[in-house]
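# Breakdown of the fold
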Amino acid sequence: AARIHQEKPLRAYQILQENATAAEWAAERNLLLFRIYLDQREFSRAAEIFDSLDRAQLTTFEKNIVMLKTQNWQRIADSSDDELLRGIAFYHLGFFTQAIECLCKETMPEDYRLMYLAKTYLATEDYDNALRALFQINSLQKYMFSEYQDILLKILLGLPDLDAVLEGANNLKDPGL
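Residues numbered from 1 in each chain as written. Predicted model: local features only at pLDDT ≥ 70, side-chain atom pairs only at ≥ 80, totals over all residues. Heavy atoms only, no water.

## Some remarks on the overall build of the chain
- A tally of regular secondary structure across the chain gives 11 helices and zero strands.
- When the helices and strands of the chain are read in sequence order from the N terminus, they spell out α-α-α-α-α-α-α-α-α-α-α.
- Long-range contacts, defined as pairs at least 24 residues apart, comprise 43% of the intrachain contacts of the chain with a sequence gap of at least 6.
- When the accessible surface of the chain is summed, it comes to about 10800 Å², and 48% of that surface belongs to carbon and sulfur atoms. (Helix = DSSP H or I, 4+ residues; strand = E, 2+ residues; numbered from the N terminus. Contact = heavy atoms within 4.5 Å. Areas by Shrake-Rupley, 256 points an atom, 1.4 Å probe, with all protein chains shown as cover.)

Have a look at this one:
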């Protein structure tokens, strides 16, 4: 099963279910099942066995993706080393001060970080900083454009003075933004 799990995940799964039932193989069996579930995008199934695994055997990506895809925000906030993920987790938990601290640290992807920073400032009704964060985005992935527009509209509706918008708009590098 260990040799074929990447090329033939279904067959590896069947082998593990039929043959690797002994207790001494439980840790290795669970690790292989976890990786099969990740490869197949079965994040909820991977999360079910996540706690039984030796974390030292997992990559940072494997640890983070399961927590992110299952929206285990508290665990991400407590255990992730990635400041962007921690900032997103704090945002979803409603701990906006901690979210801002994490999201103010420059990490990649820049556009995603700044979008969440703007959303966090928006949640605290700090429209000026939300607008500044949004105007720091130099380019944007197409799939994020709709969310960008929604955030910008909410900021504009909350701002008492639109002069900051005109000033920030003049500094944008991408005219599409």
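## Details of the side chain of R113
- Tracing the backbone through its elements, the reader meets R113 in helix 8 (residues 110-123).
- For R113, a relative accessible area of 3% puts it in the buried group.
- Within polar-contact distance, the side chain of R113 engages the side chain of E110 at 2.6 Å.
- In this view, R113 contacts L84, L103, C104, K105, E106 and T107; residues no more than four positions away in its chain are not counted. (Buried < 20%, exposed > 50% of the residue type's maximum accessible area, 1.4 Å probe, protein only. Polar contact = N/O pair within 3.5 Å; in protein donor to acceptor, adjacent residues only side chain to side chain.)

## Describing the confidence of the model for the chain
- Looking at the chain as a whole, its pLDDT mean stands at 84, while 86% of the residues score no less than 70.
- At the level of individual helices and strands, the chain shows its lowest average pLDDT in helix 11 (residues 163-170), which scores 61, and its highest in helix 7 (residues 96-103), which scores 96. (pLDDT = per-residue confidence, 0-100.)

## Brief notes about the environment of A118
- Checked against the element boundaries, A118 lands in helix 8.
- Look at A118 and you get buried, because its relative accessible area is 0%.
- With 10 residues separating them along the chain, A118 and D128 place their C-alpha atoms 9.6 Å apart.

## Observations concerning the pattern of salt bridges
- Here the structure, examined in full by the defined rule, presents six salt bridges.
- When the shortest N-O distance is used, the salt bridge between R86 and E83 registers 3.7 Å. Placement of both R86 and E83 in helix 6 (residues 83-93) is noted, with a separation of three residues, approximately one turn of the helix.
- Sharing partners across several salt bridges, the network here consists of E83, R86 and K105. (Salt bridge = Lys/Arg side-chain N within 4 Å of Asp/Glu carboxyl O.)

## A look at unusual backbone geometry
- With a phi close to 55 degrees, Q71 is a non-glycine residue in the positive phi region.
- Following the sequence through the fold, Q71 ends up in the loop between helix 4 (60-69) and helix 5 (73-79).
- Here Q71 falls in the exposed class, since its relative accessible area comes to 53%.
- For E125, which is not glycine, the phi torsion reads 60 degrees and is therefore positive.
- Position of E125 relative to the elements: it lies in the loop between helix 8 and helix 9 (127-135).

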